[in-house]
Amino acid sequence: MSTPDPKPQDPQSSIPSLDRLLRQPEMAQLLARTGRQLVVEEARAELDRLRAGLAHGAHGQNQGRKANSSLEGLAQRIEARVAGVLQMSLRPVFNLTGTILHTNLGRAPLADEAIAAMTKVAGGAANLEFDLAKGKRGDRDDHVEDWLCRLTGAEAATVVNNNAAAVLLMLNTLANRREVPVSRGELIEIGGAFRMPEIMRRAGCRLVEVGTTNRTYQKDFSEAMTPRTGTLMKVHTSNYVVQGFTAEVSDRNLADLAHQHGLPYIVDLGAGALIEMRQLGLPHETTVQETLARGADLVSFSGDKLLGGPQAGLIAGRADLIAKLKKNPLKRALRVDKVTMAALAATLRLYADPDALREKLPTLRLLSRPVAEIAAAAERLAPVLRKRLPDGMAVTITPCKGQIGSGSLPVESLDSVALSISPPTGRGAGGALKRLAAAFRALPVPVLGRIGGDALHLDLRCLEDEAAWLAQLPKLQVK
Ligand SMILES: *Cc1c(COP(=O)(O)O)cnc(C)c1O
């Protein structure tokens, strides 16, 4: 009887057991740092992946041997998996897109004062709905209402999650099951599914379209009034302009018409400037106080657009109407938390000294940043950037046009300066450009620019921390 051939080595058996793996010295540090549960889960997943690879792949045997020969490699892969799971998905980025209030990038950067106020209340209890003087339950709006009134001239004010929520709350409170005439020129879509007709429907209102896209007259509104009309509304056409042969009804006339019928006149203002933007060298944007002075009973606007605060929807206006809004159960569903409230309260206080706003409020500081200052930054940074790029990539300093963003002043552009990087022209230039943009996005603090023509443009208006930006350039890996 001949001895049987030795069994070919079973590749599966070359994969270490979980226990053996976890006992490796390489794993000890990881276990100590991140705790047992996550490491075990990821180690299991990695071992499963190896086994599955063996079961399928023709290269299974090789892989198995490799895995066995390098427990260290396995430990490294597990460490990378754990790091990947723990990596925060929400991270700071450099917004060099040229759009200052970029909705996808979190809109307004907050002032130091706002950040400090958030930090103070975040970790513990705060008197969010507690009146310390009276020793009884309070209203969370109390923390900002007086300031909103002081700044806008309104009798009362309230705060919800964002301006979309503010519009929903106003409409549902004042015109549920009623009709709301709105000019056809103002049936806006703000983006991210905020479309006026849809919001109307969800608020329980029947939208009555009046006038035409380019011209709407007082007469159109008067003829649309019925006993079922709930409110008159104007929507600030914030992300487009109707130009040329146009006519719209003024706030004053709409307010008068509404009041003749005993109805409120409400305005969705959007950006919500609280100061004259011309003071900062920017084009005029209708302020909240102007709109109220022209007869609006309620004005709604965002906290994180020109106001420069956290995401919030603010409503300012008549005290009796604000009281009604607060009684609507929707208000409870749309309210903001203590951290937002703290940031908003601190931001509003900065308006106590309008002369210091340009310095203290990042949004206004960036919007009014002199082009010469941006150009000087470009001169400083271009030579350093050039050294970090592969041969053949050209870096030029180019004048460019940025924009305010978030629908504010859509046709006005901000003169700015960009570092424009272009790969060698010719075949494959498009792919090279995409890889270049991807390399900037892969940095520890991702850098987001704008691709235009055959270059990646890094608009430097919003780059304030040059040192941090430069410090990570050595990690740039353009493939
Ligand atoms: C931006 C804007 C909105 C939406 O505001 P959010 O704060 O993003 O919810 C609604 N209406 C107008 C006119 C706007 O400009």
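Residues numbered from 1 in each chain as written. Predicted model: local features only at pLDDT ≥ 70, side-chain atom pairs only at ≥ 80, totals over all residues. Heavy atoms only, no water.

(A) Structural context of the overall build of the protein chain. Across its full length, the protein chain carries 20 helices and 17 strands. By the compact-globule yardstick of 23 Å for 479 residues, the protein chain is too spread out, its C-alpha radius of gyration being 29 Å. Counting only C-alpha atoms, the protein chain reaches 110 × 55 × 45 Å along its principal axes. Here the protein chain holds 479 residues, and the buried ones make up 48% of them. Taking the intrachain contacts of the protein chain between residues at least 6 apart in sequence as the baseline, contacts between residues at least 24 apart amount to 74%. Each charge class in the protein chain can be summarised by its mean position, and for the 61 positive and 51 negative side chains these summaries are 5 Å apart. (Helix = DSSP H or I, 4+ residues; strand = E, 2+ residues; numbered from the N terminus. Rg over C-alpha atoms; globule rule 2.2 N^0.38 Å. Buried < 20%, exposed > 50% of the residue type's maximum accessible area, 1.4 Å probe, protein only. Contact = heavy atoms within 4.5 Å. Lys, Arg positive; Asp, Glu negative; His and termini not counted. Charge placed at Lys NZ, Arg CZ, Asp CG, Glu CD.)

(B) Inspection of the pattern of salt bridges at higher detail. Under the criterion given, the structure shown has 28 salt bridges. Close ionic contact of Asp297 with Arg318 constitutes a salt bridge, the shortest N to O distance being 3.1 Å. With a gap of 21 residues between them, Asp297 in the loop between helix H12 (288-293) and strand E11 (298-302) and Arg318 in the loop between strand E12 (313-317) and helix H13 (319-327) connect regions that are remote in the sequence. Lys401 is paired through a salt bridge with Asp415; the nearest N and O atoms lie 2.6 Å apart. One end of the pair, Lys401, is in strand E13 (residues 394-402); the other, Asp415, is in strand E14 (residues 414-422), and 14 residues separate them in sequence. One connected set of salt bridges, linked through shared partners, spans Glu42, Glu46, Arg49, Arg77 and Arg81. (Salt bridge = Lys/Arg side-chain N within 4 Å of Asp/Glu carboxyl O.)

(C) Spatial organisation of the packing of aromatic side chains. Applying the stated criterion to the full structure yields zero aromatic pairs. Of note, Arg150 hangs over the ring of Trp147, and the distance from its end group to the ring centre comes to 4.9 Å. (Phe/Tyr/Trp six-rings, centres within 6.5 Å; stacked < 30°, edge-to-face > 60°. Lys NZ or Arg CZ within 6 Å of the ring centre and 35° of its normal.)

(D) Structural context of the nonpolar core. Formed by 59 residues in total, the largest nonpolar core has its most connected members in Val159, Phe301, Leu348, Tyr351 and Leu364. A domain-level breakdown of this core finds at least three residues from each of domain 2 (94-102 + 365-475) and domain 3 (112-360). Other than its neighbours up to four places away in sequence, Val159 contacts Asp141, Val144, Leu148, Ala312, Gly313, Leu314, Lys331, Val336, Met341 and Leu344. In this structure, Met170, Leu207, Val235 and Leu334 belong to the second largest nonpolar core, which totals 30 residues. (Core = buried A, V, L, I, M, F, W, Y, C linked by side-chain atoms within 4.5 Å. Domains from an automatic or database assignment.)

(E) Here's a closer look at the sheet that holds strand E16 (residues 450-452). The strand order E13-E14-E17-E16 describes an open sheet built from four strands, whose pairing is antiparallel. On the outer flanks of this sheet lie E13 and E16, each paired with one strand and no other. Strand-to-strand twist across the sheet, computed as the mean angle between neighbouring axes with direction ignored, equals 35 degrees. Across four bridges, E14 lies against strand E17 (residues 455-459) in antiparallel orientation. Each residue of the ladder has a partner; that of Ser420, found in E17, is His457. Seen against the sheet, helix H19 (residues 429-441) touches E14, E16 and E17 and runs at an angle of roughly 30 degrees to E17. (Pairing = 2+ DSSP bridges. Axes fitted to C-alpha atoms, helices over the stretch in contact; angles between N-to-C directions.)

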